[in-house]
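# Working through the structure, step by step
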Amino acid sequence: MSLSFCVLAVVRRKRGIGLETQFAIEMLNITKKFPGIIANDNITLQLKKGEIHALLGENGAGKSTLMSVLFGLYQPEEGIIKKDGREVKIKDPNDANDLGIGMVHQHFKLVECFTVLDNIILGVEPVKNGLLQKKEAREKVKALSKKYGLNIEPDALIEDITVGMQQRTEILKMLYRDNEILIFDEPTAVLTPQEIKELMQIMKNLAAEGKSILFISHKLQEIMEVADRCTVLRKGKYIGTVETAKTTMQELSAMMVGRNVNFHVEKKESKPGDVILNVSNMTVASKVHKKNAVNNVSLQIRAGEIVCLAGIDGNGQTEFVYGLTGLEPLVSGKVELCGKDLTDSSIRKRSTSGMSHIPEDRHKHGLVLDYTLEDNMVLQRYFEPEFTNKAGFLKRKNIRDYAERLIKQYDVRSGQGPVTVTRSMSGGNQQKAIIAREIDKNPELLVAVQPTRGLDVGAIEYIHKQLVAQRDAGKAVLLVSLELDEVMDVPDRILVMYEGEIVGEFNPKETDQEELGLYMAGAKRKEVKA
Amino acid sequence: MKKKGFFKNEGVQSFIASIICILLGLLIGFIVLLFINPKGAGEAMLRIIQNFLKWNRSEKQIESLGNTLVKTAPLLMCSLSILFSYKVGLFNIGVAGQYVAGACAALIGVFGLHWNWVGCILLAAAAGAAFGVISGLLKAYCNVNEVISGIMLNWIALYSTNMILSSYTVAGRKDTPELASSVETAKAIIPNAGINKLFNGNKYVGLGIIIAIIFAFLVWILLSKTKFGYELKATGYNKNAAKYAGMAEKRNIVVTLGIAGLIAGIGASLLFLTDFSQWDINQTSVPAMGFNGIASAFLGGLNPIGAIFSSYFIQHITDGGSNVDLTMYCSQISDLISAIIIYLCSFTGLIRYLFKSGIFSKKKDRPEENANAEPEQPAPVETTAKGGNE
């Protein structure tokens, strides 16, 4: 207590309390410790009125913790928060709401079967004599929508509208509550390029109308485009705040990672060989709706090429991979690997026939989180004679040796080496462990589904190199990705998937993000030969 | 490898958690006794803790210890059945029904088929396994929760057993006859193998406890050393990952509950083939042995070897409870007190959670990346077994 009073006194003396301030929110010298780690170490973030301020940092840099402090979910050990120059105590999210702080979460918090209007007024319903008064609310929503160019239909059901519209509903929720400080948590992850452009424009409109915006992201391009200033965190520490007009992407990334990062994947011209994977007329049923998630899809992948299946999330890519790897049965179609028909084969058979699968969800499918690292390293091979003797006993020593080799070769970092419980490892290293396991199986076909999801630039760079190395070693690689940068950069061939069908094939050298976006959004399509 | 403090060792934490639970249970049991009748509370508590030590002659003590061990064998088997399935992510509350099925089959072997003890044990194993497999099939292929099907099967097993065994009782008696009463059935008694000599000639003590302890080691080996155990645990921790890795996760569920049932079934035969107790065909509640197995499994830290000791302790308390002075307390008191103690025994998960969240130690060594990446991740709370002895 006495310490925080001291800090307070010093800060007061320095800043001169009561003066008119240019800052909407100030978080000064925030320190938040967790057992064994300082998540926020003396971090200062000052958000000017009417500016768009980016918060940049890798995973685990402390962005989420800082925002949780701002929302009263955590109480910092040190430091103070000021609103309009006056110190405030934020004990819980209700306090944050009262101060006019609102947030659009990465995963929307909307009731699917409610209308847009219902969702907006949820929690602050206008009520007279116990009856809802929607008319007033509708007028207010329409006015707000017009003022900021949000273009929203108040009576549409959430489940019927696009992801971009859902996001605008979230924005309207904040505006309806007269929030002055708007926080966007990685808002572009789920959007098409066109939608991203629209969002950027909306953010600029909001700022022009005097709202203060905090934009959390690790996408440098977007920050450069939309933000006025950018605060960079690295490993819980405050690195600096820069004006985007006076900096470059290179500089920002160096601040974020602590070293220079190569954005472009270095690769030679591909030399496609024989057909490795041949999928013909695959149809997979959907678990969500009555239509087929994958509809009559045919594709071929040759040895020595990376083919990318691109598209917006939820257009059948996941189900295609499930059908390919055997996690879901096919309605119809055929899967051939190196000329061998695997259509009705078990998952194990596919795996031993030369198919490796880096799954989309590493926690759901990729790892047994409560197993040790070494046990996860042999997850696809534990039954082989190298690891199990004829009596059914595990050869522990061989497992240990094998795990140690992979850990060294693929630089998988963990607290206690092979015996580390996988749950305690960082996301990047968990992913590296999966990649090591799947690549070391020496597959003919490597299926990598969003292999860089949620990872920081350094890890992304590493994983892309591994994919290219597989290609150069004459393997076939199927990359499924939602990240446009990755789609443009890594593969030799791009297939765009829309509503369960392949609607376009592109050479990454001859297309751009704009064109891909149109196909991904279903605005254009062309016939694709199998 | 980081050097860990003594108190950070998981085994040590588990052990301490169990001890804390036991003390807590004894304390609350004592408070309840105080409320009911403050005069006799101290004496009653002493009786419970003493169990066989109440006898002042050592031969009598050792003989009485033998009785407790006879009943420890089936309890240990039930506890192994629970912890085995729990490791695979299944809560085998049907252990009581599998136990009953085992008892029924063993006694059919004795009175109906006139088999010897080995045959009867195998029959009991098959019956228990069959009940387990039913739960397993329902879970794997119809997605019926094993807790629901287990509870239903418990009652099905109980009343079918009452019905079937009523044909072996002598008219007017509610218990099945003693095995020793006829030559044809006496061969089904599990041999003493000289072990009874250690217990002042207690005729009930025999191979049963040895078989149970062997099973504890077998379960331990199966779970920690074999490919089969690796697959089963993977299925239990994350069935999606097991499927992804090409394991037959449905088959594993069926096999797991089958094995769990087999263990419980053998457990029942280890009691009823000693002649120590007879089946009461009028009973309307599922024997507590299965449910006590739940508490015992958790008290033993879900470790097969730990279960040996926790099973003994719980049986010790249960037997001790029957020594409470009935002039001061009503006859239900022994069950009530042992139930309270057993109930608290299953709180080891909570205590271990408190350990992890650092109530007992100021410095914690949570891995850096984890704390950093997802600080709000809730620590997993063990499912504590409830509904032990109601």
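Residues numbered from 1 in each chain as written. Chains lettered and ligands numbered in written order. Predicted model: local features only at pLDDT ≥ 70, side-chain atom pairs only at ≥ 80, totals over all residues.

### Overview of the overall build of chain B
Quick reminder of the rule: Every helix listed is a DSSP run of H or I at least four residues long, and every strand listed is a run of E at least two residues long, numbered separately from the N terminus. Burial in this document is a count-based property: other C-beta atoms within 10 Å of a residue's C-beta are tallied, and the residue is buried at 20 or more, exposed at 12 or fewer, or partly exposed in between, with C-beta positions derived from the backbone.
Along its length, chain B carries 16 helices and 0 strands. When the 390 residues of chain B are sorted by exposure, 51% land in the buried category.

### Some points on the overall build of chain A
Under the convention used in this document: Here the radius of gyration uses the C-alpha set of atoms, whereas the globule reference equals 2.2 Å times the residue count to the power 0.38. Residue pairs qualify as contacts under a 7 Å threshold applied to their C-beta atoms, which are placed from the backbone.
Within chain A, the regular secondary structure consists of 18 helices and 22 strands. At 26 Å, chain A has a C-alpha radius of gyration in line with the 24 Å of a compact globule built from 530 residues. Referenced to the eigenvectors of the C-alpha coordinate spread, the extents of chain A come out at roughly 75 × 50 × 50 Å. Here chain A holds 530 residues, and the buried ones make up 45% of them. Intrachain contacts of chain A at a sequence separation of at least 6 include 68% that bridge at least 24 residues.

### Remarks on the sheet that holds strand E16 (residues 332-337) of chain A
Residue and element names in this part refer to chain A. Applied cut-off: Two strands pair under a simple rule: DSSP has to find at least two bridges between them. Helix axes are fitted only over the stretch in contact, all axes being lines through C-alpha atoms; the angle between N-to-C directions runs from 0 to 180 degrees.
Read from one edge of the open sheet, 4 strands run E14-E13-E16-E17, paired in antiparallel fashion. Each edge of the open sheet carries a strand with a single partner, namely strand E14 (292-302) and strand E17 (340-341). Across 2 bridges, E16 lies against E17 in antiparallel orientation. Counterpart to Glu336 in the pairing with E17 is Asp341. Sheet strands touched by helix H10 (residues 317-325): strand E13 (275-285), E14 and E16. Its angle to E13, the strand with the most contacts, is close to 115°.

### Here's the deal with unusual backbone geometry
All names here are of chain A. Backbone geometry places Asn29, a non-glycine residue, at a positive phi of 50°. Unlike most non-glycine residues, Asn281 shows phi in positive territory, near 50°. Tracing the backbone shows Asn281 in strand E13.

### Some details on the nonpolar core
Short version of the rule: Core membership is restricted to buried Ala, Val, Leu, Ile, Met, Phe, Trp, Tyr and Cys residues, and these are joined into a nonpolar core through C-beta atoms within 7 Å.
Counting residues in each nonpolar core, the largest one holds 105 residues, and the members touching the most others are Met77(B), Leu80(B), Ala106(B), Ala124(B), Ile263(B) and Leu273(B). The leading source of residues in this core is helix H11 (residues 249-272) of chain B, at 14 residues. Within the second largest apolar cluster, 85 residues are counted, among which are Leu277(A), Leu367(A), Leu479(A) and Val503(A).

### Concerning the pairing of E13(A)
Residues and elements named next belong to chain A. For E13 and E14, the ladder comprises 7 bridges, and the chain directions are antiparallel. Its bridge partner lying in E14, Val275 is registered against Arg302. Note: E13 against E16, 5 bridges, orientation antiparallel. Among the inter-strand pairings, Val279 is bridged to a residue of E16, identified as Val335.

### Here's the deal with the domain arrangement of chain A
Often, the extent of an interface is quoted as the loss of accessible area on bringing the components together. Our working definition: For the domains described, the bounds stem from an automatic or database domain assignment.
Looking at chain A, the domain boundaries give domain 1 (22-257), domain 2 (262-354 + 444-530) and domain 3 (368-442). Taken over C-alpha atoms, the centre of domain 1 of chain A sits 40 Å from the centre of domain 3 of chain A.

### Topic: the confidence of the model for chain B
The predicted coordinates ought not to be read in detail in places where the model reports low pLDDT. Rule in force here: Per-residue confidence from the predictor is given as pLDDT, running between 0 and 100.
Residues of chain B with pLDDT of at least 70 account for 88%, and the chain-wide mean is 82. Considering only residues more than four positions removed or in separate chains, one finds that residues 361-390 of chain B, a stretch of pLDDT under 50, has 62 contacts.

### Things to note about the environment of Asn323(B)
Residues and elements named next belong to chain B. In this fold, Asn323 is placed in the loop between helix H13 (304-321) and helix H14 (333-345). Between the alpha carbons of Asn323 and Asn51 there is a distance of 7.1 Å; along the sequence they are 272 residues apart. Residues within four places of Asn323 in sequence aside, it is in contact with Arg47, Asn51 and Lys54.

### Looking at the confidence of the model for chain A
Residues and elements named next belong to chain A. When pLDDT is averaged across chain A, the result is 86; 94% of the residues are at 70 or more. By mean pLDDT, the top-scoring element of chain A is strand E19 (residues 445-449) (95), and the lowest-scoring one is helix H1 (residues 2-15) (47). Ignoring residues within four places in sequence, the model shows residues 5-18, a span with pLDDT below 50, making 6 contacts including any to other chains.

### Details of the sheet that holds strand E18 (residues 355-358) of chain A
Residue and element names in this part refer to chain A. Taken in spatial order, the 6 strands line up as E18-E19-E20-E15-E21-E22 in an open sheet, and their pairing is mixed. Across the chains shown, the open sheet's two edge strands, defined by having one partner strand only, are E18 and strand E22 (501-506). Each strand of the sheet is rotated relative to its neighbour by a mean of 20°, with strand direction disregarded. Inspection of the sheet shows E18 paired to E19 by 4 bridges, in the parallel sense. In the strand pairing of E19, Met355 is matched with Leu445. Sheet strands in contact with H10 are strand E15 (305-310), E18, E19, strand E20 (476-481) and strand E21 (493-498), and its direction is about 150° off that of E19.

### Looking at helix H2 (residues 63-70) of chain A
Three- or four-residue spacings in an α-helix give side chains the same orientation, since the helix completes a turn every 3.6 residues. Residues and elements named next belong to chain A. In terms of burial, H2 is a largely internal element, 7 of the 8 residues being buried. Along H2, the positions that sit buried rather than exposed are Lys63, Ser64, Thr65, Leu66, Met67, Val69 and Leu70. In the stretch just after H2, Gly72 is the one whose phi turns positive, near 80°.

### Points about the packing of helix H8 (residues 207-225) of chain B against H13(B)
Residue and element names in this part refer to chain B. Heads up, the condition is: The scheme is simple: roughly parallel for angles under 35 degrees, roughly antiparallel for over 145, roughly perpendicular for 65 to 115, oblique for anything else.
Across the interface, H8 lies against H13 with an axial gap of 8 Å and an inter-helix angle of 150°. Between H8 and H13, the crossing angle belongs to the class labelled roughly antiparallel. Residues Ile213, Ala216, Val219 and Trp220 of H8 pack against Pro304, Ile305, Ala307 and Ile308 of H13.

### A look at helix H5 (residues 117-142) of chain B
To keep things clear, this is the line we draw: Residue count minus one, scaled by 1.5 Å, sets the expected span of a helix.
Here H5(B) contains 26 residues, and its C-alpha end-to-end distance of 37 Å stays within 8% of the 38 Å for a straight helix at 1.5 Å per residue. Backbone geometry just after H5(B) places Asn143(B) at a positive phi near 55°.

### So, the environment of Val88(B)
All names here are of chain B. Looking at the secondary structure, you find Val88 in the loop between helix H3 (58-87) and helix H4 (95-112). Judged by the 26 C-beta atoms lying within 10 Å of it, Val88 is buried. Apart from residues no more than four positions distant in its own chain, Val88 is found in contact with Leu232, Lys233, Thr235, Gly236, Asn252 and Thr256.

### What about the pairing of strand E3 (residues 52-56) of chain A?
Two faces, one strand: in a regular strand the side chains alternate between the faces of the sheet. Residue and element names in this part refer to chain A. The buried fraction of E3 is high, at 5 of 5 residues. Of the two faces of E3, the one holding Ile52, Ala54 and Leu56 and the one holding His53 and Leu55 are both buried throughout. Where E3 lies against strand E10 (residues 212-217), 5 bridges are found, and the strand directions are parallel. The partner of Ala54 across the bridge, within E10, is Phe215.

### Comments concerning the packing of H4(B) against helix H12 (residues 288-299) of chain B
Residues and elements named next belong to chain B. Formally: Crossing handedness is read from the near helix: turned anticlockwise from the far helix by less than a right angle, it gives a left-handed crossing, and turned clockwise, a right-handed one.
At a minimum axis separation of 7 Å, H4 and H12 run at an interaxial angle of 135°. Taken as axis vectors, H4 and H12 run oblique relative to one another. Taken as a pair, H4 and H12 cross one another with a handedness that is right-handed. Packed against H4, whose contacting residues are Val95, Ala96 and Tyr99, the element H12 presents Met289, Gly290, Phe291 and Gly293 at the interface.

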